[in-house]
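As a plain string of letters, each chain reads:
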Amino acid sequence: MRLVIRLLGAIWVSSLVIIAGFAFLQVQSERSRMLTDLERRAWLMGEGLKEAIEPAILRGQPARIERILKKFGSPRRGIAVYDQFAGLLVATPDLAPRLPSSLPIISQALTTGQAQKGVETLGGQKTYLYAVPLQGEERPAGALVIFLDASQLEFHLSALWQQNAVRLMILASVVSLLTLLVVRWSITHPLRRMAEWAQQMRAGKTAPPPVSGQLFGSLASEFTELARSLDDARAAAEREALLRLEGEALWTAERLKQFVRSQLNDTPLFAVSNREPLIHQWRGRKIETVEPASGLVTALEPIMHACGGLWIAHGSGDADRETVDAQDKVGVPPEQPAYTLKRVWLTKEEEDGYYNGFANEGLWPLCHIAHTRPVFRASDWAAYRRVNEKFAEALLEEMEGTERPYVLIQDYHFALLPRLVKDRRPDARIVLFWHIPWPNPEAFGICPWQQEILLGMLGADLIGFHIQFHCNNFLETVDRTIEARVDRERFGVVRGRHTTYVKPFPISVAPAPDPADVGVSRDELLKDLGPSVEFLGVGVDRIDYTKGILERLRAIERFFERYPDYRQRMVFVELAAPSRSHIKRYQDLDEEVDRAVEKINWSLRTNQWKPIAYLRGHHSHKEIWPYYRHADFCMVTSLHDGMNLVAKEYVSAAEEERGVLILSRFTGAARELVDALQVNPYHIDEMAEAIRLAIEMPPAERAIRMRRMKQIVRERNIYRWAGLLLEELTRLSVDRAGVAEV
Ligand code: ADQ
């Protein structure tokens, strides 16, 4: 209301100043025009009469003067003649009664000998006076004065003022009205709606903001962000409160953040991974940001957000170079940076040798017992070493000036990095997390550079695997391969004064989205797969030979052969993302999977049904989630897998009363998810049987199994993984010489 009063006040004052200014100028010019007109008339008359009156006054003939005055005078035009002492001689009859005893203008005309003019009020009437001296022999013999009625002048000017006053009223009223309407439409109304919306948000009801893109568009989006943060904070607080009530201490993103802040005490954290948390890509002429769907990113993001650390990764996006600063850095998230991403650039040859070659054709098959032979090329090994050195240089440069920094190195791409860093910075506290299995010493022993790899890894103060079994394999491998003392009591490797601790940290997933946000219903999913479909199975994988996709397809075929009643009633949806497609083995597998799907569908399909819906491509979590939610069963049939996040994602998203997990016993996840139907993926009949069991399992049993698995995944979530890893890291007290103690 105060704003409206101020606005209206400003409108009225400014209109008044403007209109009054213009009116003043108009009145002035009108006045001068009218005065000029009066002057011209008075002058004409004065000059004309002067010649007739001058001889009469010189000769002393007042009667003649009176006659002349009578002839030319009128009620609105008085004439008077004064003697040389400014005494009245003769005046027209209408004028005479109004004349004062003296008029200064006459004396002035007589003394100066010049015509004088002016406006006076005579007898209550404005009168224009024009006094002309009448020439005597030496000095003026008298004065002739013309009196013109000037009351019109006043009247006209006051009419002008009135007109302008009306103009002011109209203008100010119209502008005020329009302003009020604009204020109402563009400010008051949207503000009221925003206030109502804010009230709703405060009450915990989520709703889209009522205005966008207009005057309050940016305010609304800021407000939305604020409301969202409040919402998250409230949800986190509610969860925490619930957990306190339950007497549990569940890890949440918020708790992890608090934990990181309290543990790290402002000591910077440096993370290194091959995959970057944010990729910039060209889409047409625009650059878009892509957040890769990766468990690693989900796990590290809350840590980096909390401590504002530095994440070093390979810049793999085609627009990555366009978006970094001079030090190859970019803030993440770009709109409100919480931490820094530093990109390391690799040549095509380096990427080929280090990533496709040694990491994925060498170490990957070496660590997974999946019967794909590892390829060890000296040139790949050289590239792998070079790239590890490149990352080490980048990391060491960034760590300069930071005492006892924390370093989190991710995965088998950087086996040499811990040693490269530790040798130059013994005070750094280094963790290496190995996301894939570690095989037994015999299997690992075929690697020509096994010693270099182990020595490189042992530069870390802590090495994490998913499960104890992989830790044991690693310790066994070290024991058999290099000169070191394995401390089996404390799970460490001692070399000289340095100890590397080896511990399991089972990775996991973030909580599934709210079922209400899944979007697609089960009926909609089934309808798309055929009119007679009642059951839905799902598989979600990268196309990788370790994931047992071909074995799974064979099991599905076997299931339909054994249980033909289920034909037309069950569909298996396989969401398969192409992966590492520069490597021949992966290209071959991709084609093999295509052919297998084609063959099975060809032999079993009917007009309105096919057993396998093969959705090849990278799918967003939003696309995958409805399948997880509504599937009757999910098949994870890895021949060997460090953990397998798909199993945990399925458990966290599936309907409690419906979902059954069929899980390979060769995954890390099988250690925790004991209520899954565990299978040997090499045993096709066993898997076919597991499918039947899953479909026919009584609802009560499904619910019990799923509930227990859900609780495990909920408690042992990704935040717990990150929290435990960090807790262990911060417990390490590493002295300047690099000697670690826990
Ligand atoms: P991966 O071998 O990649 O991970 P996994 O753990 O199953 O295997 O994670 C795959 C991730 O990719 C999941 O989040 C899944 O949702 C997603 N994904 C799979 N198929 C997809 C598709 N078609 N479209 C989109 N997304 C898809 C490695 C190890 C694992 C270990 C993880 C984490 O091999 O054993 O569990 O790291 O440490």
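What you see is a predicted model; the values in this text were computed from it and never measured.

What counts, and at which threshold
- Residues numbered from 1 in each chain as written.
- Predicted model: local features only at pLDDT ≥ 70, side-chain atom pairs only at ≥ 80, totals over all residues.
- Heavy atoms only, no water.
- Axes fitted to C-alpha atoms, helices over the stretch in contact; angles between N-to-C directions.
- Helix = DSSP H or I, 4+ residues; strand = E, 2+ residues; numbered from the N terminus.
- Parallel < 35°, antiparallel > 145°, perpendicular 65-115°, else oblique.
- Contact = heavy atoms within 4.5 Å.
- Nonpolar A, V, L, I, M, F, W, Y, C, P; charged D, E, K, R; others polar.
- Patch = residues over 30% accessible without salt bridge, like charges linked within 9 Å, V, L, I, M, F, W, Y side chains within 5 Å.
- Areas by Shrake-Rupley, 256 points an atom, 1.4 Å probe, with all protein chains shown as cover.
- Salt bridge = Lys/Arg side-chain N within 4 Å of Asp/Glu carboxyl O.
- Lys, Arg positive; Asp, Glu negative; His and termini not counted.
- Charge placed at Lys NZ, Arg CZ, Asp CG, Glu CD.
- Buried < 20%, exposed > 50% of the residue type's maximum accessible area, 1.4 Å probe, protein only.
- Near = heavy atom within 4 Å.
- Polar contact = N/O pair within 3.5 Å; in protein donor to acceptor, adjacent residues only side chain to side chain.
- Domains from an automatic or database assignment.
- Core = buried A, V, L, I, M, F, W, Y, C linked by side-chain atoms within 4.5 Å.
- Phe/Tyr/Trp six-rings, centres within 6.5 Å; stacked < 30°, edge-to-face > 60°.
- Lys NZ or Arg CZ within 6 Å of the ring centre and 35° of its normal.
- Pairing = 2+ DSSP bridges.

A. Expanded view of the packing of helix α15 (residues 549-562) against helix α16 (residues 584-604). At a closest axis distance of 10 Å, the pairing of α15 and α16 adopts a crossing angle of 5 degrees. Here α16 runs roughly parallel to α15, going by the angle between their axes. The residues of α16 that touch α15, namely those facing I549, L550, L553, E557 and F560, are L589, E592, V593, A596, V597, K599, I600, S603 and L604. Looking at the contact of α15 with α16 residue by residue, the classes come out as 10 nonpolar, one polar and three charged.

B. Here's a closer look at a negative patch on the surface. Together, E591, E592, D594 and E598 line one region of the surface with negative charge. Structurally, the position occupied by D594 is in helix α16. Of the residues examined, D594 reaches a relative accessible area of 39% and is grouped as partly exposed.

C. A look at the site of the ligand. Around the ligand, the structure places 24 residues, and the nearest of them are H435, H619, D641, L645 and E649. L645 has a polar backbone atom sitting 2.8 Å from an oxygen atom of the ligand. Take E649: an N or O atom from its side chain is 2.5 Å from an oxygen atom of the ligand. Protein coverage of the free-state accessible area of the ligand, which is 720 Å², stands at 91%. Residue assignment for the shell around the ligand shows that the elements contributing at least two residues are β18 (535-542), β19 (570-577), α17 (621-630) and α18 (645-653). Of the residues assigned to the shell around the ligand, the class counts are 11 nonpolar, eight polar and five charged. No fewer than three residues from each of domain 3 (261-504) and domain 4 (515-716) sit in the shell around the ligand.

D. Highlighting the nonpolar core. Among the nonpolar cores identified, the biggest contains 172 residues, and W311, W434, M457, F474, F633, L661 and L673 are the most heavily contacted of them. Tallying contributions element by element places helix α9 (residues 378-399) first for this core, with 10 residues. Inspection of this core shows a minimum of three residues originating in each of domain 3 (261-504) and domain 4 (515-716). With sequence-adjacent residues up to four places away left out, M457 is seen in contact with A415, P418, L432, W434, W438, I463, F465 and F474. Core analysis: the second largest hydrophobic core is formed by 27 residues, I53, A56, I65 and A141 among them.

E. The packing of aromatic side chains, seen in detail. This structure, assessed with the given rule, holds 31 aromatic pairs. Taking the centre distance of 5.8 Å and the plane angle of 65 degrees together, the rings of F358 and W449 count as edge-to-face. Taken together, the residues F358 in helix α8 (residues 348-367) and W449 in the loop between α11 (441-444) and α12 (450-457) connect sequence positions 91 residues apart. Both residues of the pair, F358 and W449, count as buried. Among the aromatic residues, those joined into a cluster by ring pairs are Y354, Y355, F358, F376, W381, Y384, F391, F414 and W449. Its guanidinium or amino end placed over the ring of W251, R255 lies 4.0 Å from that ring's centre, counting from NZ or CZ. Across from the ring centre of W364, 4.1 Å away, lies the NZ or CZ of R580, which sits over that ring.

F. Looking closely at the sheet that holds strand β5 (residues 142-149). Spatially, five strands are ordered β2-β1-β5-β4-β3 in an open sheet, and the strand pairing comes out antiparallel. Because the sheet does not close on itself, it has two edges, and the strands there are β2 (88-91) and β3 (116-122). Taken pair by pair, the neighbouring strands of this sheet meet at an average axis angle of 25 degrees, ignoring direction. Pairing between strand β4 (residues 125-134) and β5: eight bridges, direction antiparallel. Of the residues in β5, the one forming a bridge with T127 is D149. Each of β1 (77-83) and β2 touches helix α2 (residues 62-72); the most contacted strand, β1, lies at about 160 degrees to it.

G. Structural view of unusual backbone geometry. The omega angle of the peptide bond from V332 to P333 is -10 degrees, so this bond is cis rather than trans. By the secondary structure assignment, P333 is in the loop between β10 (329-332) and β11 (339-344). One non-glycine residue, R404, adopts positive backbone phi at about 45 degrees. Summarising the element assignment, R404 is placed in the loop between α9 and β12 (406-410).

H. Focus on the sheet that holds strand β9 (residues 310-314). Here we have 10 strands laid out as an open sheet, ordered β10-β11-β9-β6-β12-β13-β14-β17-β16-β15, and mixed in their pairing. Each of the sheet's edge strands pairs with one partner strand only, and the pair in question is β10 and β15 (485-487). Sheet twist, expressed as the mean angle between neighbouring strand axes with direction ignored, is 20 degrees. Strand direction decides the pairing type here: β10 and β11, joined by four bridges, are antiparallel.

The values are spatial; any link to function lies outside them.
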